[in-house]
Amino acid sequence: MLRIEIKEGENIERALKRYKRKHRNVKVMQNLRDNQFFTKPSVKRRRQIQKASYIQGLRDQEDI
């Protein structure tokens, strides 16, 4: 469970923004979606490799 301590005099909008950032960093929703269906380990590995090659391609384009 996420807890956000609101400091004295802190704007509620700022506290809400901190909560959303913390929620996104913990990846609660992403984990729930990933665990809805079983994914074979070979498929997970393949997706990981594809993602890494995509990111590497982006970085290579930046260097050019």
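Okay, so let's go over this structure. (Residues numbered from 1 in each chain as written. Predicted model: local features only at pLDDT ≥ 70, side-chain atom pairs only at ≥ 80, totals over all residues. Heavy atoms only, no water.)

## Here's the deal with the overall build of the chain
Rules: In this description a helix means any DSSP run of H or I spanning at least four residues, a strand means any run of E spanning at least two, and both kinds are numbered starting from the N terminus. Two things to know: the radius of gyration comes from C-alpha atoms, and the globule rule equals 2.2 Å times the number of residues to the power 0.38. Summary of the burial criterion: residues with accessible area below 20% of their type's maximum are buried, those above 50% are exposed, and those between are partly exposed, where the area comes from a 1.4 Å probe applied to protein chains only. The Shrake-Rupley method, run with a 1.4 Å probe sphere, supplies the accessible areas, and residue values consider only the shown protein chains as cover.
Each helix and strand counted, the chain has three helices and zero strands in total. Helices and strands in the chain line up, N terminus first, as α-α-α. Radius of gyration (C-alpha) of the chain: 18 Å, far over the 11 Å computed for a compact globule of 64 residues. Principal axes of the C-alpha set define a box for the chain whose edges measure 50 × 40 × 10 Å. Of all 64 residues assigned to the chain, the portion counted as buried reaches 5%. As displayed, the chain offers around 6,700 Å² of accessible surface, 51% of which is attributable to carbon and sulfur atoms.

## Remarks on the pattern of salt bridges
Opposite charge on two side chains permits them to pair, given that their charged atoms come into close proximity. Quick reminder of the rule: One side-chain nitrogen of Lys or Arg within 4 Å of one carboxyl oxygen of Asp or Glu is enough to make a salt bridge.
Tallied over the entire structure, the rule returns one salt bridge. When the shortest N-O distance is used, the salt bridge between Glu10 and Arg18 registers 3.3 Å. Taking the relative accessible area as the measure of exposure, Arg18 reaches 23% and is therefore partly exposed.

## So, helix 1 (residues 12-26)
Inclusion rule: Expected span, for any helix, means 1.5 Å times one less than how many residues it has. Within 3.5 Å is the distance limit for a polar contact, defined as a pair of N or O atoms, with the added protein rule that one can donate a hydrogen and the other accept it, and that residues adjacent in sequence qualify only through two side-chain atoms.
Here helix 1 is 15 residues long and its end C-alpha atoms lie 21 Å apart, about the 21 Å a rise of 1.5 Å per residue gives. By the N-cap criterion, in which a side-chain oxygen at the helix start approaches the backbone nitrogen of a residue two or three places on, helix 1 is capped by Asn11, the distance to Glu13 being 3.3 Å. Lys27 sits one or two positions beyond helix 1 and adopts a positive phi of about 65°.

## Let's talk about a nonpolar patch on the surface
Threshold: Nonpolar side chains (Val, Leu, Ile, Met, Phe, Trp, Tyr) within 5 Å and like charges within 9 Å form the patches, drawn only from residues with over 30% relative accessible area and no salt bridge.
There is a patch of nonpolar side chains on the surface, built from Val26, Val28, Met29 and Leu32 and spanning about 320 Å² of accessible area. Considering every element that reaches the nonpolar patch, the biggest residue donor is helix 2 (residues 28-34), with three residues. Mapped onto the elements, Leu32 comes out in helix 2. A relative accessible area of 52% means that Leu32 is categorised as exposed.

## Focus on unusual backbone geometry
In this model, Lys27 sits at a positive phi of 65°, which is unusual for a non-glycine residue. Of note, Lys27 is situated in the loop between helix 1 and helix 2.

That's the geometry; what it means functionally is another story.
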